[in-house]
Amino acid sequence: MKALQIAEGIYDVGATDWNVRDFHGYSTDKGSTYNAFLIIDEKITLIDTVKEEFTEQMMEKIASVIDPKKIDYIISNHTEMDHSGALPRVVHRIGKDTPVYCSKMGLKNLSAHFGNKINFRAVADGEELSLGKRTLQFFETRMIHWPDSMFSYLKEDKILFSSDAFGQHYAGPEHFDDQIGEAIMPHAKKYFANILWLFAPMIKGLLTKLNGLNLPIEMICPDHGILWRDNPAKIVETYAEWCELQPQQNKALVIYDSMWHSTEAMADEIVAGLTAEGMVAKPMNLRHCHRSDVVTEAFDAKAIVVGSPTLNNGLFPTVADFLTYLKGLKPKNKQAAAFGSYGWSGEAPKLVAEQLAGMDLEMVEDPLRVQYVPDQEGCESCYEFGRRIAQAMK
Amino acid sequence: MDKYVCLVCGYVYDPEVGDPDNDIAPGTAFADIPEDWVCPICSAPKDQFDKE
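None of the values given here were measured: they were computed from a predicted structure. (Residues numbered from 1 in each chain as written. Chains lettered and ligands numbered in written order. Predicted model: local features only at pLDDT ≥ 70, side-chain atom pairs only at ≥ 80, totals over all residues. Heavy atoms only, no water.)

1. Describing the overall build of chain A
In terms of helices and strands, chain A carries 13 helices and 22 strands. When its C-alpha atoms are laid out on the principal axes, chain A stretches across 75 × 40 × 35 Å. Within chain A, the proportion of its 394 residues that are buried is 60%. Put simply, 72% of the contacts in chain A that link residues at least 6 apart link residues at least 24 apart. Here chain A displays about 16,000 Å² of accessible surface, and carbon together with sulfur accounts for 51% of that area. Once the 40 positive and 54 negative side-chain charges of chain A are each reduced to a mean point, those two points are 5 Å apart. (Helix = DSSP H or I, 4+ residues; strand = E, 2+ residues; numbered from the N terminus. Buried < 20%, exposed > 50% of the residue type's maximum accessible area, 1.4 Å probe, protein only. Contact = heavy atoms within 4.5 Å. Areas by Shrake-Rupley, 256 points an atom, 1.4 Å probe, with all protein chains shown as cover. Lys, Arg positive; Asp, Glu negative; His and termini not counted. Charge placed at Lys NZ, Arg CZ, Asp CG, Glu CD.)

Next comes the structure, spelled out in structure tokens:
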């Protein structure tokens, strides 16, 4: 397999994972890529590696450009195994003393992953490494999205290797933003919502710092998905927007699961009530919509209404799953309410409400319960519930 | 007053600076920070900090 030259003397030697559909809980409907980059200079440098099982694909691509044994430096921007998994085998293959540059926290974390047999060398924030004609500069980007994360900036070529920032889980025939256009943005948004949402305050700070540095950027090469060369400013500006966490004022989402269609009927009536008041609302059934797609929709919704039937005095498992996932993303600036149908006890709506309130969401209604199948009166109470939530959104 | 370092992400709490974004005034000793305070970078709890 041949490496793709992305700029003069710079190659993408990463791997395409066409078949991955679940990336630790994130649905990757279009697969993903693990991007790694080779810079040919006086010092031959490899930036990041790939998931362990794709080591051979990467080595083959490197070998299409140069004898892998000639690699002088490895840069590890991020410890997570989809970028570092191949490190031990690569280091073993090209020479055990090859220095692996990483952040201070990277040194700690990579050592914890792989032991002390690899020649890890920590760099300071802003430190530079000469490759000969070119210079790499490193920037700590802690918690974007692990403590060890860093960016590597190739000064002369004005290329930012941004690790997990600005990426997308997308495998396709395209490699660059100009080849895919707007179609990549939903993938970038899903990635931000599912992976970076909770770090928005830190990303905001990082973007301010980057702006202050005034680095000219002609290309951004993230570790997943397509590379931004036509308009790299676009994704940076979009990130700045997303970091504001400002919801669409008229967007509401009714997220639920149902055992015998009763909670589903409630959801539909709530959506109708919201819609009647001018909101853009839709139901999302957690058995049919993947949690990561629901989160992508919830990211910019002003209100989320979560419904659960009561199963054995508790939450329905898919709803518990979703709430756990959502809580970890630290949602902010949202209104919320809970509902659900029940048989004999009906604890679930209250439990849902407690969890949503625990996320610091603004609870705009008391939990709404309907026993068994909602009759006309039950349906009307759901419709009115939706209308009142819409009023609260205004 | 001693500085404390977060063992998870490496953030250093400097009592002279405090953590004004999270209502910890400059001059607050680490011991005087409320127990529910978390690392402003990685959200690790207070018991994940060690004296630098």
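2. Things to note about the environment of L368 of chain A
Residues and elements named next belong to chain A. Turning to its location among the elements, L368 is positioned in strand β22 (residues 368-371). In the structure, L368 is positioned 51 residues away from P317 in sequence and 19 Å away in space, judged by C-alpha atoms. Here L368 is in contact with M266, A338, F339, G340, P349, S381, C382 and F385, once residues within four sequence places are set aside.

3. Description of helix α1 (residues 55-63) of chain A
The set of residues buried in α1 of chain A consists of T55, Q57, M58, M59, K61 and I62 of chain A. In this fold, the buried residues of α1 of chain A make contact with β2 (10-12), β3 (15-17), β7 (37-39), β8 (44-47), β9 (71-75) and α3 (87-94) of chain A.

4. With respect to the domain arrangement of chain A
All names here are of chain A. If you check the domain split of chain A, you get domain 1 (4-244) and domain 2 (252-393). Between domain 1 and domain 2, the C-alpha centre-to-centre distance is 38 Å. Counting residues at the interface gives 13 residues for domain 1, matched by 17 residues for domain 2. Approximately 1,300 Å² of surface area, both sides summed, lies buried where domain 1 meets domain 2, with 59% of it carried by carbon and sulfur atoms. Counting the surface domain 1 buries against domain 2, the share from its top three residues, N194, W197 and L198, is 47%. The interface formed by domain 1 and domain 2 includes 2 salt bridges. (Domains from an automatic or database assignment. Buried area = accessible area lost by both parts, 1.4 Å probe. Salt bridge = Lys/Arg side-chain N within 4 Å of Asp/Glu carboxyl O.)

5. Quick notes on the UniProt feature "domain: Flavodoxin-like" (unreviewed entry) in chain A
Per the UniProt record, the feature "domain: Flavodoxin-like" (unreviewed entry) sits at residues 252-390 of chain A. Across residues 252-390 of chain A, helical content stands at 45% and strand content at 23%; the span's end C-alpha atoms are separated by 8 Å. (UniProt positions renumbered as here; feature names shortened; annotations may be inferred.)

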